[in-house]
Amino acid sequence: MDYEGSDLDRFLSAHWRAPDRAPDAALMDQGATLLKAAVRSGELTCIDGYDSPTTHLIRQRLGNQPMEMNRHWLFSPQSFVCPACQRPKADLARLTPSGKIVAKLVIHHDHVSESLEHFFYDALVRAGAEQPQVNGLALAMRMAPAFAAHDEVLLCEDCNNVDVRAKKRVEAPKRFSFSPGQIRSFVRPRPNAIHEIDEAVLLKLWPDVLDAYQYRERAMRSIAARAASDRHWYESHSGDLPAIPLPGFRAYLRLPGWTSVHAFFGGETLQATLGPPVIEAAANVSRWRQQPARKPESVPNNYAAAICSEANPAQQWNAYPDTWRCPICGRSKAEVVYRKKGSSKIQWGIKEAGYVPLAWRAYRHYCTHCVSTLSSLQKEVRSLLPEGASIGTHDYVLPTELAAVITAQAHGPNQIDADQAADLVDRILLRGAVLPD
Ligand SMILES: [Zn+2]
Ligand SMILES: [Zn+2]
């Protein structure tokens, strides 16, 4: 059962409507019927419903009792798994002692904004300030996500309730709350039942958790005191329009036509239709092969720790074995690591080309410095082709031809052999910017 190609999919594509247009009542009715059918059949699972396959499974287990379902439950995907107790939706519904099925999800948050607010007013009153500190309070509130022990997260009601019980057990401070990972460690989840607490785990965990909480509280108190004074650093945006009144910046402008125009045409078309004619800048497209490459910056020994501190680079780093080498410049995984001048950030990356011609099959994964060499070559060749002619990334040069103009340097951009590179450009143009046979 797929959503794509379903009756609902076809209906929605045919009757696309800008969000600021009033709906047609008859059309909405027709859509609602298809929507119900798509949820019932399992074609649409990104949302739940009283008649969904998930609900039917729950009723099979818990009986045909009256059911209560909150909005978070209804609007969340049927594939939802509670990030704390790891139970799927079908295990989260529960029969109450009065014989009702409850299906509820709750947004669980750290109460740091309340703490910051409390510390802010406390400091303001203590200092006896005469002037209001509007920006100061805004600054304190902006700190909340930085001090939160976890992001706001949707949890099952049992996990949210067990947080309260566990807090009571350890006599936690008023504004403290356990993170999803901490909850996971001390609950013993069972399907369709409230959680039991593993007391031994909870009590062992608590001293370290409390220590981190108290550290946060001291830091928040210090920031809040500064925010309540005239010596803080934050200035909020003022004006009738949002700070960045552009589409894609969370600005929903109530100006006539704003939403419809942006949603219907899209950025590219708007630019082409309304912008001035494009003037091509006369860039020096040969510079990449005429200038010596920058000397590499030094890279610290613990570069892997630096790279893996960020989620996406870490994932890529771990996906390539230590024996990996760039098939074009020949550098090892460690030699591909680099640092930009004046920055302490350690960078690393491998391009994974999708579709490539046969000659490139064995070369599909190459380093970012080779990406940059290839794209400079592509830009130069493209600029020399007749107007309107175009080339793809890999369909005019062989990887071995590219390799021949490169002298690799560890931790830095490729050195380019000026004469060989000039020859390569000529050769590519002579054969009509296609791969040789
Ligand atoms: Zn849970
Ligand atoms: Zn390379």
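What you see is a predicted model, and the numbers here were worked out from it, not measured in a lab.

K.L.:
For this particular structure, what's the right way to read the overall build of the protein chain?
P.N.:
Summing up its helical and strand segments, the protein chain has 18 helices and 13 strands in all. The C-alpha radius of gyration of the protein chain comes to 30 Å, more than 25% above the 22 Å expected for a compact globule of 437 residues. With the C-alpha coordinates aligned to their principal axes, the bounding extent of the protein chain is approximately 85 × 60 × 50 Å. Residue burial in the protein chain is summarised as follows: out of 437 residues, 22% are buried. Within the protein chain, counting contacts between residues at least 6 apart in sequence, those at least 24 apart form 72% of the total.

K.L.:
Is there a simple way to explain helix H16 (residues 368-384) in this structure?
P.N.:
Residues lying three or four places apart along an α-helix face the same way, a consequence of the helix completing one turn every 3.6 residues. Compared with the 24 Å implied by 1.5 Å per residue over 17 residues, the 25 Å span of H16 between its first and last C-alpha is a close match. Along H16, the residues classified as buried are His369, Cys370, Thr373, Leu374, Leu377 and Glu380. Looking straight down H16, one finds that the buried residues subtend no more than 140 degrees of arc, so they occupy a single side. Exposed and facing more than 90 degrees away from the buried side of H16 are Ser375 and Ser383. Taken together, the buried residues of H16 touch strand S11 (365-367), helix H17 (399-404), strand S12 (406-407), strand S13 (415-416) and helix H18 (418-430).

K.L.:
Explain the nonpolar core to me, please; I cannot follow it from the model alone.
P.N.:
Soluble, globular proteins show a tendency: their nonpolar side chains are buried together. Cys326, Ile328, Cys329, Cys370 and Ile406 are the most contacted members of the largest nonpolar core, which totals 23 residues. Of all elements in the fold, only S11, H16 and H18 reach the threshold of two or more residues within this core. Membership of the second largest hydrophobic core comes to 20 residues, among which are Leu92, Cys156, Cys159 and Val187.

K.L.:
In this structure, what is going on with unusual backbone geometry? I would like to understand it.
P.N.:
Phi is mostly negative for residues that are not glycine, and the peptide bonds are mostly trans. One non-glycine residue, glutamate 171, adopts positive backbone phi at about 55 degrees. Position of glutamate 171 relative to the elements: it lies in the loop between helix H9 (157-170) and helix H10 (180-186). Judged by C-beta crowding, with 8 C-beta atoms within 10 Å, glutamate 171 ranks as exposed. Phi is positive for alanine 433, which is not a glycine, with a value near 55 degrees. Turning to its location among the elements, alanine 433 is positioned in the segment after H18.

K.L.:
Before we go on, may I ask you to explain the domain arrangement of the protein chain in this structure?
P.N.:
One frequently used descriptor of interface size is the decrease in accessible area upon assembly of the parts. Structurally, the protein chain comprises domain 1 (45-236), domain 2 (240-279) and domain 3 (287-430). Summarising the inter-unit geometry, the C-alpha centres of domain 2 and domain 3 are found 36 Å apart.

K.L.:
Honestly, the environment of glycine 5 in this entry has me stumped. Any pointers?
P.N.:
Position of glycine 5 relative to the elements: it lies in the segment before helix H1 (7-14). Owing to 9 C-beta atoms within 10 Å, glycine 5 belongs among the exposed residues under this scheme. With 308 residues separating them in the primary sequence, glycine 5 and proline 313 have C-alpha atoms 36 Å apart.

K.L.:
When you look at the sheet that holds strand S1 (residues 67-69) in this model, what are you seeing that I'm missing?
P.N.:
Two modes of strand pairing occur in sheets, parallel and antiparallel, and in both the strands are linked by backbone hydrogen bonds. Ordered in space as S1-S3-S2, the three strands form an open sheet in which the pairing is mixed. Looking at strand neighbours, the two that pair on one side only are S1 and strand S2 (94-95), the edges of this open sheet. As paired strands, S2 and strand S3 (residues 101-103) are joined by two bridges and run antiparallel to one another. Within the sheet, the bridge partner assigned to leucine 95 lies in S3 and is isoleucine 101.

K.L.:
Sorry, what's going on with H9 here?
P.N.:
If you check H9, its first and last C-alpha atoms are 21 Å apart, about what 14 residues at 1.5 Å a residue would give, namely 20 Å. Listed as buried for H9 are Glu157, Asp158, Cys159, Val162, Asp163 and Ala166. Among the residues trailing H9, glutamate 171 stands out with phi positive, at a value near 55 degrees.

K.L.:
Teacher, can you tell me more about the environment of lysine 36 here?
P.N.:
Note on placement: lysine 36 falls in helix H2 (residues 25-41). Residue class for lysine 36 comes out partly exposed when judged on the 16 C-beta atoms lying within 10 Å of it. Note: C-alpha distance between lysine 36 and glycine 136 (100 residues apart in sequence) is 49 Å.

K.L.:
Is there a simple way to explain the packing of H1 against H2 in this structure?
P.N.:
Any two packed helices are characterised by how steeply their axes cross, that is the angle between the axes, and by the distance between the axes. At a closest axis distance of 9 Å, the pairing of H1 and H2 adopts a crossing angle of 150 degrees. Remark: the crossing between H1 and H2 carries left-handed chirality. Contacts from Asp7, Leu8 and Phe11 of H1 reach H2 at Gly31, Leu34, Leu35 and Ala38. Of the residues in the contact of H1 with H2, the class split is five nonpolar, one polar and one charged.

The rules behind these values
Residues numbered from 1 in each chain as written. Chains lettered and ligands numbered in written order. Predicted model: local features only at pLDDT ≥ 70, side-chain atom pairs only at ≥ 80, totals over all residues. Helix = DSSP H or I, 4+ residues; strand = E, 2+ residues; numbered from the N terminus. Rg over C-alpha atoms; globule rule 2.2 N^0.38 Å. Buried ≥ 20, exposed ≤ 12 C-beta atoms within 10 Å, placed from the backbone. Contact = placed C-beta atoms within 7 Å. Expected span 1.5 Å × (residues − 1). Arc of directions from axis to C-beta. Core = buried A, V, L, I, M, F, W, Y, C linked by C-beta atoms within 7 Å. Domains from an automatic or database assignment. Pairing = 2+ DSSP bridges. Axes fitted to C-alpha atoms, helices over the stretch in contact; angles between N-to-C directions. Left-handed = near helix turned anticlockwise from the far one by under 90°. Nonpolar A, V, L, I, M, F, W, Y, C, P; charged D, E, K, R; others polar.

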